[in-house]
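# Summary of structural features
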Amino acid sequence: MGSRSAGRNGWAQPAAPGTAATDPGEADLDPRPDPPARDRYFDTLRAVALVRVVAYHTFGWAWAGMVFPSMGVMFALAGTLMAKSLERPALKVIRGRLRRLLPPFWFWGVFVVVAMLIHDWMPGWQIVYWIVPLGDPPGNAWGEQAWEILWYLRTYLWFVLLSPLLLRVFRLAPVPVLLLSLGPILALHFAWEPPDNRLGSALTDLATFLFCWILGFAHRDGVLRRLRPSAVAALSLAALAYGGWYAFTHQAETGSYDLDDIPLAQAFWSAGFVTLLMYAKDHFRIDFARLTRFRRLDRLVTVFNARAVTIYLWHEIALILAVPLIDRFWNVPAFETYLPLESQWFMFGVGWILIAVFVLLCGWVEDVAGRKRPRLVP
């Protein structure tokens, strides 16, 4: 499915060691004169996740989710930040997350909704989901490639709303709750098939990534670092083995082993993969501090994190626009002769150029939402 990988295919006192600095809904509720400390390891993981999302939606590689399960990584990082943020009053945190997330979504949504209306879309009452995406916002087939990525925002929003309760339950019995968080996806798969509607989609996505979100809690509270390496390795590899086995032996109706089409495999593969990533950070004390020596690369990681919502929302539109733009290139003899116009890699490059344009034109909305001075480039 083209978009469940973020199309089937998360965002400040100084960050404590072992935490990321921002996620898509992170609210800068108490700005300080000095910039917050950055966790470059988590910042880099988020940047890589976004690149992988764009690559997946360009090339459609079924194996991409196994090489790097972007959405599991992003939900785990967001869970870590949510646990950190909930050291403040829950309502204040949720309000701040909504303030940071919704304005960029509304700004983007105006263009998508107007375009679909022009192309004969007749909305019903479900258009309310374009205001607060607690369910999948509706649309027509013409705009599907643009709006189908919104499953991630919907799932993220529900996790934010549920986090005060989830964190309280987690702290009653951290390790058992973490392990049991894989139970809902098993129940939905083997015991009860959810309805094929908005409710069913929301329940499936929440169940699929619940472990990763709670894993973020475990990292923030120091639960992971207290576990034995042998136990973490054994359980993680077992989850990877089961997820991989299930993906290859229960391929989706399309005949693909794409994790985005197989929620149970996605849940277990992401659980094992992301656990190893987060445990390794503490066990080997990885911080990627040396990244600052590579100024351009470090700067790029900073921009990706400051504009994560913009990149995620606009990347599909960039890829859509890349196609007619490249078609125009065929009318230029020099371009036709010297440029690889038929290559998907060329479209990938053009797509990133257009994403950069959207970051310049639209990224300032994230600054406004965060009550910061608008900037072209953060």
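Below, the structure is looked at part by part. (Residues numbered from 1 in each chain as written. Predicted model: local features only at pLDDT ≥ 70, side-chain atom pairs only at ≥ 80, totals over all residues. Heavy atoms only, no water.)

Attention shifts here to the pattern of salt bridges. On inspection of all chains with the given rule, the structure shows 10 salt bridges. With a shortest N-O distance of 2.8 Å, Arg154 and Asp205 are connected by a salt bridge. Here the residue Arg154 occupies a position in helix H6 (residues 151-172), and Asp205 occupies one in helix H9 (residues 198-220), the gap between them amounting to 51 residues. Accessibility assignment for this pair places Arg154 and Asp205 in one class, buried. For Asp367, the salt bridge identified is with Arg307, shortest N-O distance 2.7 Å. Residue Asp367 is located in helix H16 (residues 364-369), and its partner Arg307 is located in the loop between helix H12 (295-306) and helix H13 (308-329); the two are separated by 60 residues in the primary sequence. Side by side, Asp367 and Arg307 carry an identical accessibility label, which is buried. (Salt bridge = Lys/Arg side-chain N within 4 Å of Asp/Glu carboxyl O. Helix = DSSP H or I, 4+ residues; strand = E, 2+ residues; numbered from the N terminus. Buried < 20%, exposed > 50% of the residue type's maximum accessible area, 1.4 Å probe, protein only.)

All right, on to the packing of aromatic side chains then. Under the definition given, this model contains 39 aromatic pairs. Judged by centre distance (5.9 Å) and plane angle (70°), the ring pair of Tyr156 and Trp213 falls under edge-to-face. A residue pair is termed long-range when its members are at least 10 positions apart, and Tyr156 in helix H6 and Trp213 in helix H9 qualify at 57 residues. A ring pair is formed by Phe329 and Phe346, whose centres lie 6.2 Å apart and whose planes are at 65°; its orientation type is edge-to-face. Of this pair, Phe329 sits in helix H13 while Phe346 sits in helix H15 (residues 344-362); the two residues are 17 residues apart in sequence, bridging distant segments of the chain. Using a relative accessible area of 19% as the deciding quantity, one classes Phe329 as buried. Taken together, the ring pairs connect Phe75, Trp151, Tyr152, Tyr156, Phe159, Phe209, Trp213 and Tyr312 into an aromatic cluster. (Phe/Tyr/Trp six-rings, centres within 6.5 Å; stacked < 30°, edge-to-face > 60°.)

Inspection of the secondary structure assignment puts Phe59 in helix H1 (residues 40-59). By relative accessible area, Phe59 is classed as buried at 12%. Between the alpha carbons of Phe59 and Ala202 there is a distance of 26 Å; along the sequence they are 143 residues apart. Setting aside residues up to four positions removed in sequence, Phe59 forms contacts with Gln344, Trp345 and Phe348. (Contact = heavy atoms within 4.5 Å.)

Structurally, the position occupied by Ser163 is in helix H6. Contacts of Ser163, omitting those with residues within four sequence positions, involve Met82, Leu86, Trp213 and Phe217.

Moving on: the packing of H1 against H15. Helix-helix packing is described using two parameters, namely the angle between the two axes and the distance between the axes. Where H1 contacts H15, the two axes come as close as 10 Å, and the packing angle between them is 130°. Here H1 is positioned oblique relative to H15, judged by the angle of their axes. Note that H1 runs across H15; the crossing there is right-handed. In this structure, H1 uses Val51, Val54, Ala55, Thr58 and Phe59 to contact H15, whose residues at the interface are Gln344, Trp345, Met347, Phe348, Trp352 and Ile355. (Axes fitted to C-alpha atoms, helices over the stretch in contact; angles between N-to-C directions. Parallel < 35°, antiparallel > 145°, perpendicular 65-115°, else oblique. Left-handed = near helix turned anticlockwise from the far one by under 90°.)

Here the focus is the side chain of Asp258. Secondary-structure assignment places Asp258 in the loop between helix H10 (229-249) and helix H11 (263-283). No salt bridge is formed by the buried Asp258. Its closest oppositely charged neighbour is Arg52, at 6.9 Å. A distance of 2.5 Å separates the side chain of Asp258 from the side chain of Tyr56, its partner in a polar contact. (Lys, Arg positive; Asp, Glu negative; His and termini not counted. Polar contact = N/O pair within 3.5 Å; in protein donor to acceptor, adjacent residues only side chain to side chain.)

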